[in-house]
Amino acid sequence: MNQLVTASADQLAARRNTGGGDTHQYLTFNLGGEMFAVGILNVKEIIEYGNLTEIPMMPAFIRGVINLRGAVVPVVDLSARFSGQTSTVQRRTCIVIVEVEQDEAKHDIGIMVDAVSEVLEIQASEIEPPPAFGAKIRADFIAGMGKVTGKFVIILEIQKVLSVDEMALLSDMSQGSSEVPHH
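If you're wondering where the values come from, they're calculated on a predicted model, not measured in any experiment.

*Asks:* Looking at this structure, how should I read the side chain of Thr 93?
*Replies:* Mapped onto the secondary structure, Thr 93 falls in the loop between helix H2 (78-83) and strand S6 (94-102). By relative accessible area, which is 5% here, Thr 93 ends up buried. At 2.7 Å, the side chain of Thr 93 and the backbone nitrogen of Gln 90 are in polar contact.

*Asks:* How should I be thinking about the pattern of salt bridges in this particular structure?
*Replies:* For the coordinates displayed, the defined rule picks out 7 salt bridges. Arg 69 is the partner of Glu 45 in a salt bridge, and the nearest nitrogen-oxygen pair spans 2.5 Å. Here Glu 45, found in strand S3 (residues 43-48), pairs with Arg 69, found in the loop between strand S4 (62-68) and strand S5 (71-77); they are 24 residues apart in sequence, far enough to count as distant. A salt bridge links Glu 128 to Lys 147, with the shortest nitrogen-to-oxygen separation between them at 3.1 Å. Of the two residues, Glu 128 is situated in strand S9 (residues 127-128) and Lys 147 in strand S10 (residues 142-148); the sequence distance between them amounts to 19 residues.

*Asks:* Where do I start with the confidence of the model for the protein chain in this structure?
*Replies:* Caution applies to low-pLDDT regions: their predicted coordinates should not be interpreted in detail. A residue-level look at the protein chain finds 77% of positions with pLDDT of 70 or above and a mean pLDDT of 81. Within the protein chain, no element has a lower average pLDDT than helix H1 (residues 2-17), which sits at 40, and none a higher one than S3, at 95. Taken as a whole, residues 1-20 scores under 50 in pLDDT and shows 7 contacts with residues more than four places along the chain or in a different chain. Confidence drops under pLDDT 50 across residues 177-183; counting only partners more than four residues distant or on other chains, this segment forms 2 contacts.

*Asks:* Just to check I follow, could you spell out the nonpolar core for this structure?
*Replies:* Note that soluble globular proteins tend to have their nonpolar side chains buried in a common cluster. By size, the foremost hydrophobic cluster in this structure holds 29 residues, and its most contacted members are Leu 78, Phe 82, Ile 111, Leu 156 and Leu 162. Contributing elements (two or more residues each) for this core: strand S1 (23-31), strand S2 (34-39), H2, S6, strand S7 (105-113), S10, strand S11 (151-156) and helix H3 (158-161). Per element, the largest residue contribution to this core is 4 residues, and it comes from S6. Excluding residues that lie within four positions of it along the chain, Ile 111 makes contacts with Phe 29, Val 76, Leu 78, Cys 94, Ile 95, Val 96, Val 98, Ile 158 and Leu 162.

*Asks:* I'm lost on the pairing of S4 in this one. Help?
*Replies:* Within a regular beta strand, the side chains point alternately toward one face of the sheet and then the other, so they alternate between its two faces. Across the 7 residues of S4, 6 count as buried, placing the element largely inside the fold. As consecutive antiparallel partners, S4 and S5 are separated by 2 residues, and within that stretch Arg 69 has a phi angle of approximately 50°, a positive value.

*Asks:* Just to check I follow, could you spell out the sheet that holds S3 for this structure?
*Replies:* Sheet strands line up and pair through hydrogen bonds in the backbone, either parallel or antiparallel. Judged by pairing direction, the sheet is mixed, and its 5 strands sit side by side in the order S3-S6-S7-S5-S4 without closing on themselves. Each edge of the open sheet is held by one strand with a lone partner, namely S3 and S4. Going across the sheet, the axis of each strand differs from the next one's by a mean of 35°, ignoring polarity. Judged from the 5 bridges that link them, S3 and S6 form a sheet pairing that is antiparallel. Residue Ile 47 lies in a different strand from S6, and its bridge partner there is Ile 95.

*Asks:* Quick question: what am I supposed to make of the side chain of Ser 87 here?
*Replies:* Among the structural elements, Ser 87 can be located in the loop between H2 and S6. Ignoring anything within four residues of it in the chain, the contact list for Ser 87 reads Leu 31, Arg 63, Asp 77, Ser 79, Met 112 and Asp 114.

*Asks:* Would you mind going over the pairing of S2 with me for this structure?
*Replies:* Where S1 meets S2, 6 bridges bridge the pair, whose relative direction is antiparallel. Residue Tyr 26 lies in a different strand from S2, and its bridge partner there is Gly 39. Linkage of S1 to S2, two consecutive antiparallel strands, is achieved through a turn of 2 residues, within which Gly 32 is found at a positive phi near 55°. Here S2 runs beside S11; their pairing, made up of 2 bridges, is parallel. Pairing of Phe 36 across the sheet is with Ile 154, part of S11.

Conventions used here
Residues numbered from 1 in each chain as written. Predicted model: local features only at pLDDT ≥ 70, side-chain atom pairs only at ≥ 80, totals over all residues. Heavy atoms only, no water. Helix = DSSP H or I, 4+ residues; strand = E, 2+ residues; numbered from the N terminus. Buried < 20%, exposed > 50% of the residue type's maximum accessible area, 1.4 Å probe, protein only. Polar contact = N/O pair within 3.5 Å; in protein donor to acceptor, adjacent residues only side chain to side chain. Salt bridge = Lys/Arg side-chain N within 4 Å of Asp/Glu carboxyl O. pLDDT = per-residue confidence, 0-100. Contact = heavy atoms within 4.5 Å. Core = buried A, V, L, I, M, F, W, Y, C linked by side-chain atoms within 4.5 Å. Pairing = 2+ DSSP bridges. Axes fitted to C-alpha atoms, helices over the stretch in contact; angles between N-to-C directions.

Set out below in structure tokens:
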């Protein structure tokens, strides 16, 4: 059993540590008519949108929490996070569960997207640096621009999108410390 766990961890580490001209896999999804991508190694699962519990007095980009097999997982509305415009739930809206690391602890966070597209392999040589200006989202949220069949896909820097400040807020929320001070 432990050998199996070690082997799969080694394989994941080998995939993460490949450098240079390699191909990387990304999950692509639609959000507000744009195509975005997140590294497949950050993605744990994709679930249908629903059963969200709203939490009062949270920033607009935090839609609420879901119960994922007994764990409380916060759900971030990426559209609201990027532009302040909350997403409208549609037929293909879903939640991508991603794992992010904060202070050497791993956290699962749901990101709400309009529709998941596909898993794509993008060559490192086909990834351009983020644009200095003109993007609809903060430059530090963009890891790069992947060229796929003549179009650009915005590759997200998911650790920044779900950044330290928000992570602290999200981890407090997921640990149930939602005590409101009494005046």
